[in-house]
Amino acid sequence: MDGGAAAIEVLLQNLINLLNDEFTLHQGLKSDARKLQCNLKMIRAYLRDAEKKCTTETVKIWLRELEAVAFDADNVLDELSYHLLHKKVNKMKSSKDKVPSCFSSFNGISRRRNMALTIKQINADFDSLNKRAFDLGLQNMVVNAPAAAAAHTSIETDSSSLDPIFIGRDDDVSKLVDMLTEIQDGKVFSMVALVGMGGIGKTTLTKRVFNHERVKARFGVSRIWVHVSQTFDLTILFKKILYKLTKRRSDEVESRHEILEKIQEALKTKTYLLVLDNIWNENVQKWEYFMNFMSRVTSTKGNGIIITTRREKVASIVNPFYNYHLKLLSDQDCFSIIKAKVVVLPSYFEWIGEMIATRCQGLPLAATVVGGVLRSSKSIKEWRFINENWLSDGKGGENISKILKLSYDHLPSPLLKKCFAFCSVFPKGWEIEKHELIELWMAEEFLHPSRGEDMESVGDMYFNVLLQNSLLQVQMIDDYGNVLKCVVHDLVHDLASSVLSNNADGGTPYRYMFLKEESSPIPKEVAKHLRTLFLEVGKEKGYQIEELGRLKNLKGTLEIRNLEKVHDNEEALKANIFGKPNLFDLVFEWNDGREDETNDESVLEGLQPHVYLKKLKISGFKGKRFPTWVEKMEVRYGPQDSCVPLYSLIKITFCKCSEIDEIPTLEHLPNLKSLSLKKLKKVRFINTSFNYLTSLEIEELHALECLPQWLFLNNKNLSYLRISKCHVLRELPDGVDTLNSLEYLHIHDCENLTSIGNPSGGARQSQWILHELSIKGCIELTELPCQMLESWAPTIEDLKLEGLRSLKNLPLLIDCLSKSATPLTQLTIKGVPKLMAANSGSVESWHFSSLKSLEIDVSVEWSREDSVGIAETVEGILQRCRNSLTSLHLKGVENWEWVPQSIHNLTVLDKLRLENTGIEELRQSIQNLTLLVELKLENIGIEELPQWLLGNLSSLTRLYLWNCNKLKCLPSMDAMKHLTKLKGLYISNCPELRIDSEWRNHHQHVYIEVDGKHVRMS
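Every chain begins its residue count from 1, and numbering advances along the sequence as written. Predicted model: local features are reported for residues with pLDDT of at least 70 only, side-chain atom pairs are reported and counted for 80 or more only, and whole-chain, interface and lining totals are derived from all residues. With hydrogens and water excluded, all non-hydrogen atoms of the structure serve as input to the side-chain values.

Here we take up the overall build of the chain. Scanning the chain from terminus to terminus reveals 30 helices and 31 strands. Residues counted as buried form 55% of the 1018 residues belonging to the chain. Of the contacts formed within the chain by residues at least 6 apart in sequence, a portion of 69% connects residues at least 24 apart. Accessible areas in this description were obtained via Shrake-Rupley with a 1.4 Å probe; residue shielding takes into account the shown protein chains only. When the accessible surface of the chain is summed, it comes to about 43,200 Å², and 48% of that surface belongs to carbon and sulfur atoms. Numbering of helices and strands runs from the N terminus, with a helix taken as a DSSP run of H or I at least four residues long and a strand as a DSSP run of E at least two residues long. When accessible area is computed with a 1.4 Å probe and restricted to protein chains, residues below 20% of their type maximum are described as buried, those above 50% as exposed, and intermediate ones as partly exposed. Whether two residues touch is decided by their heavy atoms; if any such pair falls within 4.5 Å, the residues are in contact.

Structure below.
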C-alpha cells in the first residue's frame, strides 16, 4: 500500500472505532455520526483500489484531498471526545464538592448544534469524494480492518536475522586500517575521505574499521564517532564531539569557546580517531575553522580522521591525505548478501536470485533490503514477479529508491507501515531506543493486539520485522544479544519522511515532530496539526520552552527533554501546558547525569497540566519533594479555581526520581490502570493505595523494604506484575495467587527475597489465565508453593526459573507440572538445585506435548546419587514433547558422560545446544536430527570432533563451538561433505583449535568467525 494510503487507512479505521465506541450514543448527533461511519467504510473500500492506481495524477489528487478531509474529521471527533470527557470530569467534580458545572445547558445545546453542522459538512465532503472515486473508476473493494495478525503469517522473524552481514569489503578494511595506523613520523594526523554513492556501504565499512583491533589498540577510548548529515553547524558539531568524549551533555555551556576548551582538556595528551559520518558541507571557511582547531587540540602526533561523503566536491574541500573511492560490489557479492539474508535458498532459486543480484548494481544496501523481501517470498513465481515488475535497470540512485520502496510495499499491514513512517520524526543519525519507540507506537495507537496478545509483544514483533527488512539497523545490543538501540539509514529515512508527508507540495498536515537545536523551528501552519511533539529544550531562540506557548492546538503527546535548561517556575509557565486541554500524554524529562537538582521543583510546579490528562511520565527529577499538583494528583480548575483530581489518568510512570522518598497520593484516581515505579532509590515504603490497576511495575527500588499487605487483595484486575532489582525486599504480601486476571508475573533479581507469599488456600477456581511466570536471580527464595503452581499450571505457556540456588522444592514443582494438562510451550530451569521429579514413576501420564523450547541445567547440587533420578526426569520430559520440541539447551556436568537418549526421537528439533555433556552418547541420538538448523557445542572436553558427529545433519546452516579448551581440529572435509547448507561457523575461546588453509579453501561458501573476527579465505 502506498505510504499515504496506509496512513489514511489507519486513520479511517481509528475514526470508525471511535464512532463505534461512543459517538453514535451521543444524543443529538446519532444520525449524522451514523452517516459519517458509513461514509468512512465506503471510503476504505475504495482506498485499496486507489493504492494500485496512485501513479495517475487524478488519483493522487483524490488521495490528498481524502487525507485532508480525514484529518478534519479526526480533529472534529477529538473535539467531541474532549467535550464528552469535560462533561464526565465535571460530573465527578460536582458529585464531590457540589460546585455547579461550568458546562451549562445553554452551552451544551449550542456546542452540539455547531458540532452537528461541522459533521454535516464533513459528510458532504466525504459524499463528494465517494462520487469522484466512482467517476475515476475506482473499484469498491470491501476489506476488513487492518489487523496486527497479518504480520504473523507474512513474515518469519528470529534473532539470527539481526546478525550483521559484511561481504566483499575485507580488502577495503585492511587498506583503511593501514592508512590510519601506519602514519609517517611527524604528522599530526592522517585524514581519509571515503567517497561513494548512497547505499554503497560507507558507514558499514567505517564501523568495521572503527572497531578493528589494531585501531582500538592505537587510539583506545579516544575514538569519536559523530553523525553529521546535512547540517554542518560548528557549535553543534563541537557539542557532539564533547559529548562523545565525556558522555555528559554540555547543557550549561553557553559559548563555542567554552566547548572548545573542554574538548582540548579531554584530548590534550591523547591520540584520537574522529569519524565524521555523512558530510555534505561545501563551505570552505567552516571546514578550515574546524580543521585548524582539530590540528591544535592535542599535543600528540599520529591522530586519525575519517570522513564519509557522497560528494566528490566535499572530498576535495577537506583536502585529505587519502581520497578513497569505494567501489561497487560484484554481482556475486550482492548475491552472497541476498543468500545470507534469505538464510535457506533452494538450489533451484539460485538462477533467479543471480538475476536479481545484478539489479542491485553493486550496492550492498540494495542487496540487503531486497534479500529481506525475498526471504518472505516463498515461490519462484513471487521472485520472478519482483525481478520483472519491481526492479529496473536504471541508475544506482534511482534503483535503490525502488528497492527501498519495494521493501516498504511488502510490509504486511498498514499499521506496520505507519510504525515505519513514524521513525522519520527522529533526526537523521539519531540512536533510537527500542523500548521508547515501542511505547511511542503504543501511544499513537498503531499497535492493535489480537486476542491473547499484549501491545508490547506486537510492538516487539513489528520492530523485528523492520529490522529483518533492513528498514531499521541494529545500533546497540546487550550481553544476551537483545537489541537496545537502532538507527535508520539516511536513504531509508528519506523514504519514511516521504511516506509521512505524502505530498511534495507540503500540503499534508504533519502529525509528529522532533524539535531540537539542529532542526528547523515549527512553522505556524504546521503547528496546528501536531499530534505528537518531542521537544529538546535548548538555549537558542526557537528551541526554548516558551515556544510551546504559541502552540494552542497541540494535542495528543508532548515529550519535553532537557528540562534542566529551564530556569524556574516563571519560565515553565510560558509553555502554557495547563491551557492545552487536548494534551492527553505528557512526558517531563531531566537528564540524570547532573550533580544537583537546582530548580527541578520550581520548574515542575510550572508545568501543571489540564485536568483531562490521561498519561503522565516524570523522569530524572531530582527535587526532594514533588510539587503539590503531583503529590496530590489534583489541579486547580474551573471558575472558582477549586482543586480537582486528575480523574482521567490511566497511566503514571515515575523514573529516576532519585531524591523522592514517598509515592504521591493515588487512591482517588478511579481510572488509573497502569503504574510504573523505576529507579526511585530512596523509597522505602509505598504508603498510598490504588485499587483498580491492571499493570504494575516496581523496578530498582533499592531501599524498598516491603510491599503493602493490601496490594494484591485490592487490585484483583492486575494482568501484568513485574518486580525487579529491589535488593532489600524480603517477601511479597499474601494473595498473589488470588489475582484471577494475572497474565504475566515477573520477579527478577531480588536477591534477599525469601517468600512470594502464602497460598490463599481457598477452593480452586477455573478462571486463572496466567500465561507467563518468570522468577530469576532471587538467590534466597526457598520455596515456590506448589498450590500456587497447581492453580496456574492449566494456562501457563512460558515458565522460567533461573538462578534460584536456595529453592528447596523443585522436585515437587516438576511433579505439579507433569500432572497438569499444561499448555507449556517454553520451559527454562537453570541454576536451580535438584532438577528431578519427586516421583518419576508414570512417564506416560506426563503432559508436555505442547513444549517447543526447553532449557535445563542439571549441574546445581548434582551428585552421583541423584544422577539416575535426574536422567529419568529429563528423559521423561523429552519423551512427552518429541513431536513438538524445536529448541533444546541442555547443560550437564563435567565428567558425567551423559546425553539423553530421547534426543533421537525429537523429530522436529531445529536448534540444539549442548553444554558440559558427553559426546560419545550422541552417536546414535544425533543421526536422526535431519531438520537440525543450528548446533552449539560448549565446553565439550575432547580434542577432536568425531567424524560421525555431523554426517547426517543435512539441514545444518550454523555450527557454534564455544569454550572447547581441548579441541584441536574440525572434522575432515569428507565427514562434512553432506553439510551442503552450512552458512556459518562460529568459534569462541577454543585456544587449541586450528583451521588449516585447505579446509578454509574447501569451504569458501561458509562464513567463519573466530573470537568475533571474520576469518578470510586465502
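Back to the write-up after that little detour.
This paragraph deals with the environment of Arg994. Relative to the helices and strands, Arg994 is located in the loop between strand S29 (984–988) and helix H30 (997–1002). Residue classification places Arg994 among the exposed positions, given a relative accessible area of 57%. In this structure, the C-alpha to C-alpha distance between Arg994 and Lys968, residues 26 residues apart in sequence, is 6.1 Å. The residues touching Arg994, leaving out its near neighbours within four places in the chain, are Lys968 and Cys969. What qualifies as a polar contact is a pair of N or O atoms within 3.5 Å, subject to a donor-acceptor requirement within protein and to the restriction that residues adjacent in sequence count only when both atoms come from side chains. Separated by 3.0 Å, the side chain of Arg994 and the backbone oxygen of Pro991 make a polar contact.

What follows concerns the packing of aromatic side chains. Ring geometry is summarised as follows: Phe, Tyr and Trp rings, the Trp one being its six-membered ring, pair when their centres sit within 6.5 Å, and such pairs are stacked at plane angles under 30 degrees, edge-to-face over 60 and tilted between the two. Under the definition given, this model contains 18 aromatic pairs. Ring centres of Phe238 and Phe290 lie 5.5 Å apart, and the angle between their planes is 25°; on these two criteria the pair is classed as stacked. Of this pair, Phe238 sits in helix H9 (residues 234–246) while Phe290 sits in helix H11 (residues 284–296), and the two are 52 residues apart along the sequence. Ring centres of Trp287 and Phe290 lie 5.6 Å apart, and the angle between their planes is 35°; on these two criteria the pair is classed as tilted. Here Trp287 and its partner Phe290 are both found in helix H11, three residues apart, which amounts to about one turn of the helix. For Trp287, a relative accessible area of 3% corresponds to the buried category. A residue is classified by how much of its surface remains accessible, and Phe290, at 0% relative accessible area, is buried. Among the aromatic residues, ring-to-ring pairing joins Phe232, Phe238, Trp287, Phe290 and Phe293 into one connected group. A cation over a ring is seen here: Arg223 above Phe210, with NZ or CZ 4.8 Å from the ring centre. Two limits define a charge over a ring: the Lys NZ or Arg CZ must be within 6 Å of the ring centre, and within 35 degrees of the ring normal. The aromatic ring of Phe584 is capped on one face by Lys614, whose charged end is 4.9 Å from the ring centroid.

The relative placement of two packed helices is expressed as an angle between their axes plus a distance between the axes. Note on geometry: axes are C-alpha line fits, over the in-contact stretch for helices, and angles between N-to-C directions span 0 to 180 degrees. For the pair helix H19 (residues 434–443) and helix H20 (residues 455–468), the least separation of the axes is 10 Å and the interaxial angle reads 115°. Considering how the two elements wind past one another, H19 and H20 form a crossing that is right-handed. Residues Lys434, Leu437, Ile438, Trp441 and Met442 of H19 form the contact with H20, whose participating residues are Met455, Glu456, Gly459, Asp460, Tyr462, Phe463 and Leu466. Amino acid classes used here: Ala, Val, Leu, Ile, Met, Phe, Trp, Tyr, Cys and Pro are nonpolar; Asp, Glu, Lys and Arg are charged; the rest, including Gly, are polar. Counted by class, the contact of H19 with H20 contains eight nonpolar, one polar and three charged residues. Left-handed describes a crossing in which the near helix is turned anticlockwise from the far one by less than a right angle; the clockwise case is right-handed.

Quick look at the packing of helix H10 (residues 256–267) against H11 now. Where H10 contacts H11, the two axes come as close as 10 Å, and the packing angle between them is 35°. H10 and H11 meet at a crossing whose hand is right-handed. Packed against H10, whose contacting residues are Arg256, Leu260, Ile263 and Gln264, the element H11 presents Tyr289, Phe293 and Arg296 at the interface. Here the contact of H10 with H11 is built from residues that sort into four nonpolar, one polar and two charged.

Right, let's get into helix H7 (residues 202–210). Listing the buried residues of H7 in full gives Lys202, Leu205, Thr206, Val209 and Phe210. Down the axis, H7 shows its buried residues gathered within 140° of arc, on one side only. Buried residues belonging to H7 abut helix H6 (170–181), strand S1 (189–195), helix H8 (213–219), strand S2 (223–229), strand S3 (273–279) and strand S4 (303–309). Regarding the arc, it is the one traced by the directions from the helix axis to the C-beta atoms.

Take helix H15 (residues 364–375) next. Along its 12 residues, H15 runs 16 Å from first to last C-alpha, staying within 8% of the 16 Å computed at 1.5 Å per residue. Burial of H15 is extensive: 12 of the 12 residues sit out of reach of the surface. Taken as a whole, H15 has its buried residues at Pro364, Leu365, Ala366, Ala367, Thr368, Val369, Val370, Gly371, Gly372, Val373, Leu374 and Arg375. In this scheme, a helix's expected span is set at 1.5 Å multiplied by one less than its residue total.

Attention now goes to the pattern of salt bridges. Any Lys or Arg side-chain nitrogen located within 4 Å of an Asp or Glu carboxyl oxygen qualifies as a salt bridge. Summed over the entire model, instances satisfying the criterion amount to 27 salt bridges. Asp172 serves as the salt-bridge partner of Arg169, at 3.6 Å between the closest nitrogen and oxygen. An identical accessibility class is assigned to Arg169 and Asp172; each is buried. A salt bridge links Arg561 to Glu536; the nearest nitrogen and oxygen atoms lie 3.9 Å apart.

The next subject is the pairing of S4. Within S4, seven of the seven residues are buried, which leaves the element mostly enclosed by the surrounding structure. One bridge is not enough; two strands pair if DSSP finds at least two bridges between them. Summarising the sheet, S1 and S4 pair through seven bridges and their orientation is parallel. From the neighbouring strand, Met191 faces S4, where its bridge partner is Ile305. In this sheet, S4 lies alongside S3 in parallel orientation, the contact comprising four bridges. Its bridge partner lying in S4, Val275 is registered against Ile306. Place the viewer so that the strands point away; then a crossover is right-handed whenever the path from the first strand over the helix to the second strand goes clockwise. The parallel pair S3 and S4 is bridged by H11, and the resulting crossover is right-handed.

The next point concerns the confidence of the model for the chain. Each residue carries a pLDDT value, the predictor's own confidence for that position, ranging from 0 to 100. The predicted model of the chain has a mean per-residue pLDDT of 79, with 79% of residues at 70 or higher. By mean pLDDT, the top-scoring element of the chain is strand S16 (residues 651–655) (95), and the lowest-scoring one is helix H5 (residues 150–154) (35). For residues 21–25, every residue scores under 50 in pLDDT, and the model assigns this stretch 13 contacts once sequence neighbours within four places are set aside.

Our focus in this paragraph is the sheet that holds strand S6 (residues 432–433). Strand order in the open sheet formed by three strands is S6-S8-S7, with antiparallel pairing between adjacent strands. In this open sheet, the two strands that pair with only one neighbour each are S6 and strand S7 (473–477). In the sheet, S6 pairs with strand S8 (residues 483–487) via two bridges, with the strands oriented antiparallel. Bridging from a neighbouring strand, Ile432 pairs with Cys486 of S8.

Once that is clear, we can look at the nonpolar core. Generally speaking, nonpolar side chains in soluble globular proteins are found buried as a group. Counting residues in each nonpolar core, the largest one holds 160 residues, and the members touching the most others are Phe588, Ile618 and Leu961. Those residues in contact with Leu961 that sit more than four places away from it in its chain are Leu937, Leu945, Leu967, Leu970, Leu985, Tyr986, Ile987, Ser988, Cys990 and Leu993. Residues belong to one nonpolar core when they are buried, are Ala, Val, Leu, Ile, Met, Phe, Trp, Tyr or Cys, and are joined through side-chain atoms within 4.5 Å. Formed by 86 residues, the second largest nonpolar core is a distinct cluster that contains Ile200, Leu365, Phe422 and Leu467.

Right, let's talk about unusual backbone geometry for a bit. Phi at Lys656 is positive, roughly 60°, even though this residue is not glycine. The topology assignment puts Lys656 in the loop between S16 and strand S17 (674–678). Here Lys656 falls in the partly exposed class, since its relative accessible area comes to 28%. A positive phi angle, close to 55°, is found at Asn939, a residue other than glycine. Residue placement: Asn939 occurs in the loop between strand S27 (934–938) and strand S28 (958–962). Relative accessible area serves as the criterion here: at 22%, Asn939 is assigned to the partly exposed category.

Attention shifts here to the side chain of Lys936. Of note, Lys936 is situated in strand S27. Filtering out sequence-adjacent residues up to four positions away, Lys936 remains in contact with Leu912, Arg913, Leu914, Tyr960 and Trp962.

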